[in-house]
Amino acid sequence: MEEFHKVRRLPPYVFEQVNRLKASARAGGADIIDLGMGNPDLPTPKAIVDKLCEVVQDPRTHRYSSSKGIPGLRRAQAAYYARRFGVKLNPETQVVATLGSKEGFANMAQAITAPGDVILCPNPTYPIHAFGFLMAGGVIRSMSVEPDESFFPPLERAVRHSIPKPLALIINYPSNPTAHVATLDFYKDVVAFAKKHDIIVLSDLAYSEIYFDDTPPPSVLEVPGAIDITVEFTSMSKTFSMPGWRMGFAVGNERLIAALTRVKSYLDYGAFTPIQVAATHALNGDGSDIAEVRNIYKRRRDVMVDAFGKAGFEVPPPAATMFAWAKIPEKFRHLGSLEFSKLLVEKADVAVAPGIGFGEMGDDYVRLALVENEHRIRQAARNIKKFLSTADETMHNVISLNAHR
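Residues numbered from 1 in each chain as written. Predicted model: local features only at pLDDT ≥ 70, side-chain atom pairs only at ≥ 80, totals over all residues. Heavy atoms only, no water.

## Some points on helix H9 (residues 254-267)
Piece 1. For H9, spanning 14 residues, the distance from its first C-alpha to its last is 20 Å, which sits close to the expected 20 Å at 1.5 Å a residue.
Piece 2. Leu256, Ile257, Leu260, Thr261 and Lys264 are the residues of H9 that are buried. Buried residues along H9 cover an arc of 135° about the axis, so they all sit on one side. Exposed side chains of H9 directed beyond 90 degrees from the buried face belong to Arg255, Arg262 and Tyr266.
Piece 3. Turning to H9, the residues buried within the fold contact strand E2 (95-98), helix H5 (100-112), strand E6 (200-204), strand E7 (230-235) and strand E8 (248-252).
Piece 4. Taking the backbone nitrogen of arginine 255 as reference, a side-chain oxygen 3.1 Å away marks asparagine 253 as the first, capping residue of H9. (Helix = DSSP H or I, 4+ residues; strand = E, 2+ residues; numbered from the N terminus. Expected span 1.5 Å × (residues − 1). Buried < 20%, exposed > 50% of the residue type's maximum accessible area, 1.4 Å probe, protein only. Arc of directions from axis to C-beta. Contact = heavy atoms within 4.5 Å. Polar contact = N/O pair within 3.5 Å; in protein donor to acceptor, adjacent residues only side chain to side chain.)

See below:
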């Protein structure tokens, strides 16, 4: 039977091919070291779990909650923005809680997009940035992901040649998957461009607290006047190791936040109240939990860069995020990222995310998630070293070297 219209508009979910191969290998007894999905392995800090356990004992918290988030949670998020970025937000009109930043992005697309609206989207990027707008009937125009002077000429061309004029520009720094980090000067140029052309800015700041030098990534809302046109999305998944809790936020322009809030009011009743109270407790903490998570990822990053480099697979050290973005070794690059990722599962017992899953501009790369401990990362490097050193003898009966291109 023919696929439904909205399903037809979605590209194939390439990660599923690697996931099936990974599951099959594990069913056969293989010990797969999974560096593919960005699924944090660190436990949620005990104080946050304890707060959840305390609040859940009160049966009054078992009822429907508020889709925009309980008042205390929204106040805590506003206070976090004031401390971290020096940005003043009204928790009543400029903050809404979301079921993770992914849900927030998808429902913002539903709230603001008319069929055929053009969205400027980086490539490669996290899939929901494009897929959310595709499902809402929008049209994606791919843009550069580099936060430098090369970012703006394609934007100017898009404004001149897109019909209708672009509705919104998506930015994602620190970037998933590339780990690029933007400066405040870059954001100033983005805001100036967007205001000049009457374009909405949607910023994904999910990795604001996972950085590895002494310069915390800024928020675009630090730019004077940015709040006139901008909504920014954050998440507690990585910052507090709370991925399964599904807690995030959208903050910024009142009109845009009101549109998102209204759409959400028709679709959900918000996160379970004890989760919202525990998230409030986390945001109001002293930041020590965040610092510990950051240090663990930094140690893993350093081990990966060193061990993989010695194995013959160069991994540039990311300045932020819980990912490394690495070019496929030269002799395998013609296969493309999906076939190379399959080979790593089959021949090295290592799972990675193929770059093509983040957009066609990512096909020469794979994304490596820092979600295994240091011992396992070193083991992955040893497995890959063995595969690379024997590939010339073993590849001929696995896949045609000309299969991809």
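## A word on the confidence of the model for the protein
Piece 1. In this model, the protein carries a mean pLDDT of 93, and residues with pLDDT of at least 70 account for 97%.
Piece 2. Confidence over residues 399-405 falls short of pLDDT 50; this stretch has 14 contacts with residues more than four positions distant or in other chains. (pLDDT = per-residue confidence, 0-100.)

## Quick notes on the nonpolar core
For soluble globular proteins, the rule of thumb is that nonpolar side chains tend to be buried together.
Piece 1. With 52 residues, the main nonpolar core has Tyr81, Phe151, Ile171, Met236, Met247 and Phe249 as its most contacted residues.
Piece 2. With residues near it in sequence (within four places) discarded, isoleucine 171 still touches Phe151, Tyr187, Val190, Val201, Leu202, Ser203, Asp204 and Val220.
Piece 3. Core analysis: the second largest hydrophobic core is formed by 42 residues, Leu42, Phe212, Val293 and Ala324 among them. (Core = buried A, V, L, I, M, F, W, Y, C linked by side-chain atoms within 4.5 Å.)

## Quick word on the UniProt feature "domain: Aminotransferase class I/classII large" (unreviewed entry) in the protein
Piece 1. As annotated by UniProt and renumbered to match this structure, "domain: Aminotransferase class I/classII large" (unreviewed entry) occupies residues 31-382.
Piece 2. Secondary structure content for residues 31-382 is 40% helix and 14% strand, while the C-alpha to C-alpha distance between its ends is 14 Å. (UniProt positions renumbered as here; feature names shortened; annotations may be inferred.)

## Quick look at the sheet that holds E8
Pairing between sheet strands relies on hydrogen bonds along the backbone, with the strands arranged either parallel or antiparallel.
Piece 1. One open sheet holds the 7 strands; their spatial order is E2-E8-E7-E6-E5-E3-E4, and the pairing between them is mixed. Lying at the two open borders of the sheet, with one neighbouring strand each, are E2 and strand E4 (139-143). Averaged over all pairs of adjacent strands, the angle between their axes in this sheet comes to 20°, without regard to strand direction.
Piece 2. Pairing of strand E3 (residues 118-122) with strand E5 (residues 168-172), which is carried by 2 bridges, proceeds in the parallel orientation. Across the sheet, residue leucine 120 finds its bridge partner in E5, namely leucine 169.
Piece 3. Together, E2, E5, E6, E7 and E8 form the strand contacts of H5, whose direction differs from that of E7 by roughly 155°.
Piece 4. On the sheet, helix H7 (residues 152-161) packs against E3, E4 and E5 and is oriented at approximately 150° with respect to E4. (Pairing = 2+ DSSP bridges. Axes fitted to C-alpha atoms, helices over the stretch in contact; angles between N-to-C directions.)

## Some thoughts on the packing of helix H2 (residues 15-27) against helix H12 (residues 337-348)
Piece 1. Look at H2 against H12: their axes get within 10 Å of each other, and the N-to-C directions meet at 10°. When the interaxial angle is binned, H2 and H12 end up roughly parallel. Only Leu338, Ser341, Lys342, Val345 and Glu346 of H12 make contact with H2, whose side of the interface consists of Gln17, Val18, Leu21, Lys22 and Ala25.
Piece 2. A breakdown of the residues in the contact of H2 with H12 according to their chemical character gives 5 nonpolar, 2 polar and 3 charged. (Parallel < 35°, antiparallel > 145°, perpendicular 65-115°, else oblique. Nonpolar A, V, L, I, M, F, W, Y, C, P; charged D, E, K, R; others polar.)

## Digging into the sheet that holds strand E11 (residues 353-354)
Piece 1. Read across the sheet, 3 strands follow the order E9-E12-E11 without closing on themselves; strand pairing throughout is antiparallel. Two strands close off the open sheet at either side, each with one partner strand: strand E9 (323-327) and E11.
Piece 2. By the bridge criterion, 5 bridges tie E9 to strand E12 (residues 365-369) in an arrangement that is antiparallel. Bridge assignment links alanine 326 to a residue of E12, and that residue is valine 366.

## Re H7
Piece 1. Looking only at H7, the buried set comprises Phe152, Pro154, Leu155, Ala158 and Val159. Burial along H7 is one-sided: seen end-on, the buried residues are contained in an arc of 155°. Turned more than 90 degrees away from the buried face of H7, the exposed residues are Arg160 and His161.

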